[in-house]
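Tertiary structure, described
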Amino acid sequence: MFKGTRIRARIDFLPAENGGRTTPLIGGTHYRPNHNPLGPDDREMMMGEISVPIGSVVQPGDSLDIDMTLYPGRFASEIVPGRQWRVQEGAKLVAMGTVLALLPMMSA
């Protein structure tokens, strides 16, 4: 089982006209894009999930503050408040994430 890191994050989605998503994220969905901590030319990704709250709609260009879990693997020591990462669909940049705070892991 992968060891996750729970965080409070701000996800800033690019507007469609700047290359971002062209469709909204609908509440209750589990969005699983690529999480790239290094840069546009790097292909090493972290796993993670952005769960849009039920009743919410996140349009291209919106920002979302959310509690989420990243599975950073070898990047675990880099997940600190203020750290930014790229949110990608394949190679396409669709948002930037920023770690706002580290959260305790939830018990099972």
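Structure first, text after, so check above.
As the structure is a computational prediction, the values presented were derived from the model and not from experiment. (Residues numbered from 1 in each chain as written. Predicted model: local features only at pLDDT ≥ 70, side-chain atom pairs only at ≥ 80, totals over all residues. Heavy atoms only, no water.)

**Some details on the pattern of salt bridges**
By the definition in use, this model includes six salt bridges. Among the salt bridges present, the one from Glu89 reaches Arg21, with a minimum N-O distance of 2.6 Å. Remark: Arg21 occurs in the loop between β1 (5–13) and β2 (25–26) and Glu89 occurs in strand β8 (residues 84–89); sequence separation between them is 68 residues. Assessed through its relative accessible area of 31%, Glu89 is described here as partly exposed. Put simply, Glu49 and Arg32 hold a salt bridge, and the shortest N to O gap is 2.8 Å. One end of the pair, Glu49, is in strand β5 (residues 47–51); the other, Arg32, is in the loop between β3 (30–31) and β4 (34–36), and 17 residues separate them in sequence. Exposure remark for Arg32: the relative accessible area of 57% places this residue in the exposed category. (Salt bridge = Lys/Arg side-chain N within 4 Å of Asp/Glu carboxyl O. Helix = DSSP H or I, 4+ residues; strand = E, 2+ residues; numbered from the N terminus. Buried < 20%, exposed > 50% of the residue type's maximum accessible area, 1.4 Å probe, protein only.)

**Description of the side chain of Gln88**
One can find Gln88 in strand β8. Taking the relative accessible area as the measure of exposure, Gln88 reaches 2% and is therefore buried. Here Gly90 takes part through its backbone oxygen, which lies 3.0 Å from a polar atom of the side chain of Gln88. (Polar contact = N/O pair within 3.5 Å; in protein donor to acceptor, adjacent residues only side chain to side chain.)

**Points about the packing of aromatic side chains**
Where two aromatic rings form a pair, the distance of their centres and the angle of their planes describe that pair. Per the stated rule, a full pass over the model turns up one aromatic pair. Seen from their ring centres, Phe13 and Tyr31 are 6.4 Å apart, and the 45° between their planes marks the pair as tilted. With a gap of 18 residues between them, Phe13 in strand β1 and Tyr31 in strand β3 connect regions that are remote in the sequence. Take Tyr31: its relative accessible area is 9%, and that puts it in the buried class. (Phe/Tyr/Trp six-rings, centres within 6.5 Å; stacked < 30°, edge-to-face > 60°.)

**A closer look at the pairing of β8**
In this sheet, β8 lies alongside β4 in antiparallel orientation, the contact comprising three bridges. Paired with Asn36 across the strands is Arg86, a residue of β8. Inspection of the sheet shows β8 paired to strand β9 (residues 92–102) by six bridges, in the antiparallel sense. Within the sheet, the bridge partner assigned to Glu89 lies in β9 and is Lys92. Taken together, β8 and the strand that follows it, β9, pair antiparallel across an intervening segment of two residues, in which Gly90 is found at a positive phi of about 65°. (Pairing = 2+ DSSP bridges.)

**Considerations on the environment of Gln84**
Counting through the fold element by element, Gln84 comes out in strand β8. Between the alpha carbons of Gln84 and Ala101 there is a distance of 12 Å; along the sequence they are 17 residues apart. At 3.3 Å, the side chain of Gln84 forms a polar contact with the side chain of Thr98.

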